[in-house]
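Breakdown of the fold
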Amino acid sequence: MAVGEVMRMEIPASGDLSVTSPELHVLAVDDSIVDRKVIERLLRISACKVTTVESGTRALQYLGLDGDKGASGLNDLKVNLIVTDYSMPGLTGYDLLKKIKESSAFREIPVVIMSSENILPRIEQCLKEGAEDFLLKPVKLADVKRIKELIMRNEAEDCKTISHSNKRKLAEGIDTPSPSSSSSHDYSSVKDFPSSKRMKSESENLSSLL
């Protein structure tokens, strides 16, 4: 495994600690069962964990963004990427993108839009709203691998940034002396030198002896 690559730690029931390969959890949204199966297969080939839903509304329920706290029992699972079709009845992929980016809890999750229509204004609109990428159907394995590598690289950079920040804070805490220790050090240093009155007294005694 390369330096800086994200690792996922798991603690099995036996209590033994092991390190497994990185695994992205992808939420795939598409109203077409055929397209859902295609994107699910491509993601699984790319070693991703996949959850599929058939509509934007179901995606919001899964994420717990539909206003019903009891709607999803799975929203505690970490989602690393959302891939959604653009044209869906009811809540479109564009609407879903806006909902996610408006959420303080989920706005950092990358969202990739898929569409069978190569309409430039639509693509530009999605990218402007914060979409990570726009894929044309049929989605290819190379597209999925490229997106996965991008997400993994971003997560690795985030982990490195957090690690460096923590190390810097720790170093600052060690290097900065506390006021009490500084005061104590100064006091002990002063105690080692004789006072001017004592030096004067010793000088007078020496003079009287001579």
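As the structure is a prediction and not an experimental result, all values here were calculated from the model. (Residues numbered from 1 in each chain as written. Predicted model: local features only at pLDDT ≥ 70, side-chain atom pairs only at ≥ 80, totals over all residues. Heavy atoms only, no water.)

**With respect to the nonpolar core**
- Core analysis: the largest hydrophobic core is formed by 24 residues, its most contacted members being Leu27, Val29, Leu63, Ile82, Ile113 and Cys126.
- Of all the secondary structure elements, the ones that give two or more residues to this core are strand S3 (25-29), helix H2 (56-63), helix H3 (93-102), strand S6 (111-115) and helix H4 (120-128).
- Once residues within four sequence positions are removed from consideration, Ile113 is found in contact with Thr84, Tyr86, Gly93, Leu97, Cys126, Ala131, Asp133, Phe134 and Leu135.
- Leu24, Leu81, Leu135 and Met152 belong to the second-largest nonpolar core, a separate cluster that totals 18 residues. (Core = buried A, V, L, I, M, F, W, Y, C linked by side-chain atoms within 4.5 Å. Buried < 20%, exposed > 50% of the residue type's maximum accessible area, 1.4 Å probe, protein only. Helix = DSSP H or I, 4+ residues; strand = E, 2+ residues; numbered from the N terminus. Contact = heavy atoms within 4.5 Å.)

**Concerning the sheet that holds strand S5 (residues 81-85)**
- Taken together, 5 strands build an open sheet; the order of strands is S4-S3-S5-S6-S7 and the sheet is parallel. A single partner strand is all that each edge strand has here, and the edge strands are strand S4 (49-53) and strand S7 (133-136). With strand direction ignored, the average angle separating the axes of adjacent strands in the sheet is 20°.
- Of the pairings in the sheet, the one linking S3 to S5 comprises 4 bridges and is parallel in character. Bridging from a neighbouring strand, Ala28 pairs with Val83 of S5.
- Strands S3, S4, S5 and S6 of the sheet are contacted by helix H1 (residues 33-45), whose axis makes an angle of about 170° with S4.
- Against the sheet, H3 makes contact with S3, S5 and S6, and its axis sits at roughly 175° relative to S6, the strand it touches most. (Pairing = 2+ DSSP bridges. Axes fitted to C-alpha atoms, helices over the stretch in contact; angles between N-to-C directions.)

**Let's talk about H1**
- In a regular helix each residue adds 1.5 Å, so 13 residues correspond to 18 Å; H1 covers 18 Å between its end C-alpha atoms and thus fits that length.
- When H1 is considered as a whole, its buried residues turn out to be Arg36, Ile39, Glu40, Leu42 and Leu43. One face of H1 carries all of its buried residues, which in axial projection span an arc of 165°. Exposed and oriented more than 90 degrees from the buried face of H1 are Ile33, Val34, Lys37 and Arg41.
- Directly beyond the C-terminal end of H1, a positive phi value near 65° is found at Ala47. (Expected span 1.5 Å × (residues − 1). Arc of directions from axis to C-beta.)

**Points about the pattern of salt bridges**
- Applying the stated criterion across every chain, the model contains 8 salt bridges.
- With a closest N to O distance of 2.8 Å, Asp30 and Lys137 form a salt bridge. Pair noted here: Asp30 is in the loop between S3 and H1 and Lys137 is in the loop between S7 and helix H5 (141-175), with a separation of 107 residues, a long-range link. Each member of the pair, Asp30 as well as Lys137, is classed as buried. (Salt bridge = Lys/Arg side-chain N within 4 Å of Asp/Glu carboxyl O.)

**Describing the UniProt feature "modified residue: 4-aspartylphosphate" (unreviewed entry) in the chain**
- Mapped onto this structure's residue numbering, the UniProt feature "modified residue: 4-aspartylphosphate" (unreviewed entry) falls at Asp85.
- Following the sequence through the fold, Asp85 ends up in strand S5. (UniProt positions renumbered as here; feature names shortened; annotations may be inferred.)

**Considering the side chain of Arg122**
- Residue placement: Arg122 occurs in helix H4.
- With relative accessibility at 15%, the residue Arg122 sits in the buried group.
- Apart from residues lying up to four places away in sequence, Arg122 is in contact with Tyr86, Ser87, Ser115, Glu117 and Phe134.

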